[in-house]
Amino acid sequence: MPNSGSNLVCQYVLDPPAHSLGSDEYLFEFTPRVVCWNVAFSSDGNLLAACYGSPDNCVRIWHLETNGSFSLVSTLKGLHMRTVRSCSFAPVAKFYTIATASFDGTIGIWEDTSPGSDNITSNEWDCIAQLEGHDSECKCVVWNATSTLLATCGRDKTVWLWDCCLPGNIGSGGNDGEFECLSILNGHEGDVKSVVFASSHGQFGDGDEICISASYDNTIRVWAEDAGEWYCAKILNESHTLWNLAIAPGSTRLISGSADGSIGIYKCYTALEKEELMLDDKELELERSPNQGFWKCVGRLPEAHQSEVMSISYSPARAGHGRFASCGDSLKVYREAVESTSVHPLIGVHAESKQMDLNTVQWHPCNGSILATSGFDGCVRIWKYGSTKEKKHPEMS
């Protein structure tokens, strides 16, 4: 059980707008229960986007008001013909920019085009690009830290990397609004469910970042860049289908959520640390260079949930060391014990809600006490997390 002194309280439930049917005395309103698949905050935390399944096939955007409430300010629709499965705000952009991934196999790029839209709320958005190439459903879209790369993945077992030139960004070279496929990463043998970017810390190839993907084939793949070529630097094998990934602030730890209800914890070792691990040949297979870093599973929460771990999100650094959240059959916030180490992590549940049928959780990027979830009931929920004293950690395998 979570610490009795901690709390995780739902503050707001954001329902889709009501629909009207009939007229005059026969007019009535109803709210259709379309699945809300994903939520994402803008980098400044002022906007929250949520994407929906059929028949809506849209993204709704709320603005965080000064009193803590949320107001619906825009609906992005008319582009995707099937479920919008994932959305992601560009962390660095002159205007608010969001990417959407759909089961129709396309990626939409939307930009806030209102007058004076630089860092202020508006309700006028335009689709500035539609990216095509995936053979089937796209399941995840994410930007890198500088908004110069976009990663997408899906049912066709591939990860696509796109070169992005957003208006006003460094390196755009006047090619504002242009997007080009940089690389197609093949290797997974099942649907690719989740993808994230992380810093390479100079340990993988010569690029500044690595890309990490999780698949139905029970593997996590680490992709790195060297001389402009992207390659698979590491394969982490798991025993069950992987649903989601999250990278910790600092990019030295990765966590995964699996279909068996477990959460895996991975550490990034430097090339020098790797030499001290006394690794066997099997662990070193597919190593492109003996001088590269090494990812390794260092801990596991074997029964984090009773069913699939649908989503995981790391807290911003200001929320405190080692906090992350997961959802599925419930919503949980975890906290790392003081005596924990990077090699032997000691992590326990710090707060929990029994709210069921959640499929995404996202931490507010600036406020460590706010989380958002999406659910199969079509609702977006805003949660208040209260941090209190340490809880004794459970045994980890």
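Nothing here was measured: the structure is a model prediction, and the numbers come from that model. (Residues numbered from 1 in each chain as written. Predicted model: local features only at pLDDT ≥ 70, side-chain atom pairs only at ≥ 80, totals over all residues. Heavy atoms only, no water.)

Asks: It is not clear to me how the nonpolar core should be interpreted in this structure. Could you clarify?
Replies: Proteins that are soluble and globular tend to have nonpolar side chains buried together. F204, I210, I212, I220, L245, L254 and W295 are the most contacted members of the largest nonpolar core, which totals 19 residues. In contact with I220, not counting residues within four places along its chain, are I212, S213, A214, K234, I235, L236, L242, L245, L254, S256 and Y266. The next biggest cluster of nonpolar side chains, apart from the first, holds 17 residues, and it includes I263, V309, Y314 and Y334. (Core = buried A, V, L, I, M, F, W, Y, C linked by side-chain atoms within 4.5 Å. Buried < 20%, exposed > 50% of the residue type's maximum accessible area, 1.4 Å probe, protein only. Contact = heavy atoms within 4.5 Å.)

Asks: Explain the sheet that holds strand 8 (residues 84–89) to me, please; I cannot follow it from the model alone.
Replies: Within a sheet, each strand pairs with its neighbour through backbone hydrogen bonds, oriented either parallel or antiparallel. Reading across from one edge, 8-9-10-11 is the order of the 4 strands in this open sheet, with antiparallel pairing throughout. One side of each edge strand has no neighbouring strand; the edge strands of this open sheet are strand 8 and strand 11 (125–131). Between one strand axis and the next, the sheet turns through 25° on average, direction left out of account. Direction of pairing for strand 10 (residues 107–112) relative to strand 11: antiparallel, over a ladder of 6 bridges. (Pairing = 2+ DSSP bridges. Helix = DSSP H or I, 4+ residues; strand = E, 2+ residues; numbered from the N terminus. Axes fitted to C-alpha atoms, helices over the stretch in contact; angles between N-to-C directions.)

Asks: Honestly, the pattern of salt bridges in this entry has me stumped. Any pointers?
Replies: If the charged atoms of two oppositely charged side chains come close together, the side chains can form a pair. The tally for this structure, following the rule as stated, stands at 8 salt bridges. Where D56 meets R60, a salt bridge forms, and the shortest distance between an N and an O atom there is 3.2 Å. Among the salt bridges present, the one from R155 reaches E137, with a minimum N-O distance of 3.6 Å. Linking R155 in the loop between strand 13 (149–154) and strand 14 (159–165) with E137 in the loop between strand 11 and strand 12 (138–143), this pair joins segments that are 18 residues apart in sequence. Among the charged side chains, a salt-bridge network with shared partners connects R82, E137 and R155. (Salt bridge = Lys/Arg side-chain N within 4 Å of Asp/Glu carboxyl O.)

Asks: What is the right way to read the side chain of T152 from this model?
Replies: Note that T152 resides in strand 13. For T152, the side chain forms a polar contact with the side chain of W162, separated by 3.1 Å. (Polar contact = N/O pair within 3.5 Å; in protein donor to acceptor, adjacent residues only side chain to side chain.)

Asks: Can you walk me through the packing of aromatic side chains in this structure?
Replies: The relative placement of two aromatic rings is captured by the distance of their centres and the angle of their planes. For the structure shown, the criterion picks out 6 aromatic pairs. Arranged with centres 5.6 Å apart and planes meeting at 80°, the rings of W37 and F376 form a pair that is edge-to-face. On the criterion of sequence distance, the pair formed by W37 in strand 4 (residues 36–41) and F376 in the loop between strand 29 (370–375) and strand 30 (380–386) is long-range, its members being 339 residues apart. For the pair W363 and Y385, a centre-to-centre distance of 6.0 Å together with 90° between the ring planes defines the contact as edge-to-face. In this pair, W363 sits in strand 28 (residues 358–363) while Y385 sits in strand 30, placing the two residues 22 residues apart along the sequence. (Phe/Tyr/Trp six-rings, centres within 6.5 Å; stacked < 30°, edge-to-face > 60°.)

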